[in-house]
Amino acid sequence: MLTKDFDYNLPASLIAQDPLEKREFCKLMHLNQTTKTIEHKHFYNIIDYLNKDDILILNDTKVIPARLKAKRKTGGCVEIFLLNPTNIQNTWETITKNAKKVAIGEILQIADDFSAKLIKKIESKKNELPRFIFELNYKGDDIYKVLDKYGSIPLPPYITREIKEKDKNSYQTVYAKKEGSVACPTAGLHFSCELLEKIKQKGVKIGYITLNVGLGTFLPVKTDKIENHTMHEEEFSIPKETAQLIENKKGAVIAVGTTVLRCLEAVYQKEGKIIETKDKTNIFIYPPYKIKSVDKLITNFHLPKSTLLMLVSAFCSIEFIKDAYKSAVLNNYRFFSYGDCMFIDK
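These numbers were taken from a predicted model, which means no experiment stands behind them.

Conventions and cut-offs
Residues numbered from 1 in each chain as written. Predicted model: local features only at pLDDT ≥ 70, side-chain atom pairs only at ≥ 80, totals over all residues. Heavy atoms only, no water. Helix = DSSP H or I, 4+ residues; strand = E, 2+ residues; numbered from the N terminus. Rg over C-alpha atoms; globule rule 2.2 N^0.38 Å. Buried < 20%, exposed > 50% of the residue type's maximum accessible area, 1.4 Å probe, protein only. Areas by Shrake-Rupley, 256 points an atom, 1.4 Å probe, with all protein chains shown as cover. Lys, Arg positive; Asp, Glu negative; His and termini not counted. Charge placed at Lys NZ, Arg CZ, Asp CG, Glu CD. Polar contact = N/O pair within 3.5 Å; in protein donor to acceptor, adjacent residues only side chain to side chain. Contact = heavy atoms within 4.5 Å. Pairing = 2+ DSSP bridges. Axes fitted to C-alpha atoms, helices over the stretch in contact; angles between N-to-C directions. Parallel < 35°, antiparallel > 145°, perpendicular 65-115°, else oblique. Left-handed = near helix turned anticlockwise from the far one by under 90°. Nonpolar A, V, L, I, M, F, W, Y, C, P; charged D, E, K, R; others polar. Arc of directions from axis to C-beta. Patch = residues over 30% accessible without salt bridge, like charges linked within 9 Å, V, L, I, M, F, W, Y side chains within 5 Å. Salt bridge = Lys/Arg side-chain N within 4 Å of Asp/Glu carboxyl O.

## Observations regarding the overall build of the protein chain
Part 1: What the protein chain contains, in helices and strands, is eight helices and 17 strands.
Part 2: In summary, the protein chain has a C-alpha radius of gyration of 20 Å against a globular reference of 20 Å for 346 residues, a match within 12%.
Part 3: Counting only C-alpha atoms, the protein chain reaches 65 × 40 × 40 Å along its principal axes.
Part 4: Here the protein chain holds 346 residues, and 54% of them are scored as buried.
Part 5: Carbon and sulfur atoms make up 48% of the accessible area of the protein chain, which amounts to about 16900 Å² in all.
Part 6: Of the charged side chains in the protein chain, 53 are positive and 43 negative; the average position of the first set lies 2 Å away from that of the second.

## Topic: the side chain of Thr61
Part 1: Here Thr61 shows up in strand 4 (residues 61–63).
Part 2: The exposure class of Thr61 is buried, given its relative accessible area of 1%.
Part 3: In this structure the side chain of Thr61 is engaged in a polar contact, spanning 3.5 Å, whose partner is the backbone oxygen of Lys178.
Part 4: Only 2.7 Å separates the side chain of Thr61 from the side chain of Ser181, close enough to count as a polar contact.
Part 5: Setting aside residues up to four positions removed in sequence, Thr61 forms contacts with Ala176, Lys177, Lys178, Gly180, Ser181, Pro185, Thr210, Leu211, Asn212 and Val213.

## Topic: the sheet that holds strand 2 (residues 37–42)
Part 1: Taken together, the nine strands give an open sheet; going across it, the order is 2-1-17-16-14-3-12-13-15, and neighbouring strands pair in mixed fashion. On the outer flanks of this sheet lie strand 2 and strand 15 (277–281), each paired with one strand and no other. Taken pair by pair, the neighbouring strands of this sheet meet at an average axis angle of 25°, ignoring direction.
Part 2: Sheet analysis places strand 16 (residues 296–300) next to strand 17 (residues 341–345), joined by four bridges and oriented antiparallel.

## Notes on the packing of helix 6 (residues 258–271) against helix 7 (residues 307–315)
Packed helix pairs are specified by the crossing angle of their axes together with the interaxial distance, meaning the distance between the axes.
Part 1: Closest axis-to-axis distance for the helix 6/helix 7 pair is 11 Å, and the angle between their directions is 65°. Here helix 7 runs roughly perpendicular to helix 6, going by the angle between their axes. In this structure, helix 6 meets helix 7 at a crossing whose hand is left-handed. From helix 6, Thr258, Leu261 and Arg262 reach across to helix 7, where they touch Leu308, Leu311, Val312 and Phe315.
Part 2: Per-class residue counts for the contact of helix 6 with helix 7 are five nonpolar, one polar and one charged.

## Some details on the pairing of strand 16
Part 1: With five of five residues buried, strand 16 lies mostly within the body of the structure.
Part 2: Burial of strand 16 is two-sided: the residues Lys296, Ile298 and Asn300 facing one way and the residues Leu297 and Thr299 facing the other way are all buried.

## Considerations on helix 4 (residues 193–201)
Part 1: Along helix 4, the residues that are buried comprise Leu195, Leu196 and Ile199. For helix 4, the buried positions fall inside an angular range of 100° around the axis, keeping them on one side. Summarising the geometry of helix 4, the exposed residues directed more than 90 degrees from the buried face are Glu194, Lys198 and Gln201.
Part 2: The inward-facing, buried residues of helix 4 abut helix 1 (46–49), strand 3 (55–59) and strand 12 (205–211).

## Here we look at the environment of Asn32
Part 1: Tracing the sequence through the fold places Asn32 in strand 1 (residues 27–32).
Part 2: We classify Asn32 as buried; its relative accessible area is 16%.
Part 3: Residues Asn32 and Cys316, spaced 284 residues apart in sequence, show a C-alpha to C-alpha distance of 9.5 Å.
Part 4: A distance of 2.9 Å separates a polar atom in the side chain of Asn32 from the backbone nitrogen of Thr34.

## Quick notes on the packing of helix 7 against helix 8 (residues 318–330)
Part 1: Packing of helix 7 against helix 8 leaves a shortest axis separation of 7 Å and a crossing angle of 120°. One way to sum up the angle between helix 7 and helix 8 is to call them oblique. The handedness of the crossing between helix 7 and helix 8 comes out as right-handed. In contact with Leu309, Val312 and Ser313 of helix 7, helix 8 contributes Ile318, Ile321 and Tyr325.
Part 2: Tallied by class, the residues present in the contact of helix 7 with helix 8 amount to five nonpolar, one polar and no charged.

## Examining a nonpolar patch on the surface
Part 1: Taken together, the side chains of Leu20, Phe25 and Tyr44 make up a nonpolar region of the molecular surface, amounting to roughly 250 Å² of accessible area.
Part 2: Counting through the fold element by element, Leu20 comes out in the segment before strand 1.
Part 3: Exposure remark for Leu20: the relative accessible area of 35% places this residue in the partly exposed category.

Written out as structure tokens, the structure reads:
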């Protein structure tokens, strides 16, 4: 298939710049694949579409304050965007603005007790952003405490306003526990603690996976043909409790977000079932791929020409998704990370 098949027109005014005050009050579009009907609700109505013994799978990864502002001895400013730690202690793979003139071995100062030394410039492939390896030097033994003190939350580039202190909480799911992501699994942003409790009381079972979301997941596809695009690897883990929950299922398995779907499908593709595991995946799902691990999907509205839109089009159908997105625009839905949501049902 061609990348241009997944393009659509979106007024800039519909790109959500701020979260709603109450998470569960966003709009919810319900897609029924059997009847090909579209309903317009609010996210707190999701409970009406869930049944006793259904299994809701959530990604409990936590977004780290991955943006660091550093200074060279010359006074020049450099922004370091942490992507993931390498196998060498205290070193991270990064994307770095204004780093072309930074020399190997040069030390950049982030704070009096926090610095970054450039170790390596990674040769980038076509259509890839330049990568760098930095060694981080800091006091203490918990890098995440240091990042929380000096870093800022990495909001996506389509959120054009200044980053606010409250984004550290609002750009985080209420069940986030395990640090490691540089982007939020945003389908989960709509759940409040109160709504999750109501869902449990209905008899819906909840399981967790952890997939550390990388920047590559959200990058647009720049190749003309979809199959020529290469996905970046992301680490994930599935605990024994979640694997057993799915193995003994009585109801539908519902993925909250594309990260959950990718994680489960990667394991199912490899093992033929969901098992306890810790692994990496660069699985790229697009039509006419048939998804086998998940019955239903809760997901946000995604960027044009993105791998996420392609994945959703494989889960549903590209024609139905196009109709849904047109309806979302006509009904003033809010798009992307801080935007509204859809529930793709059977």
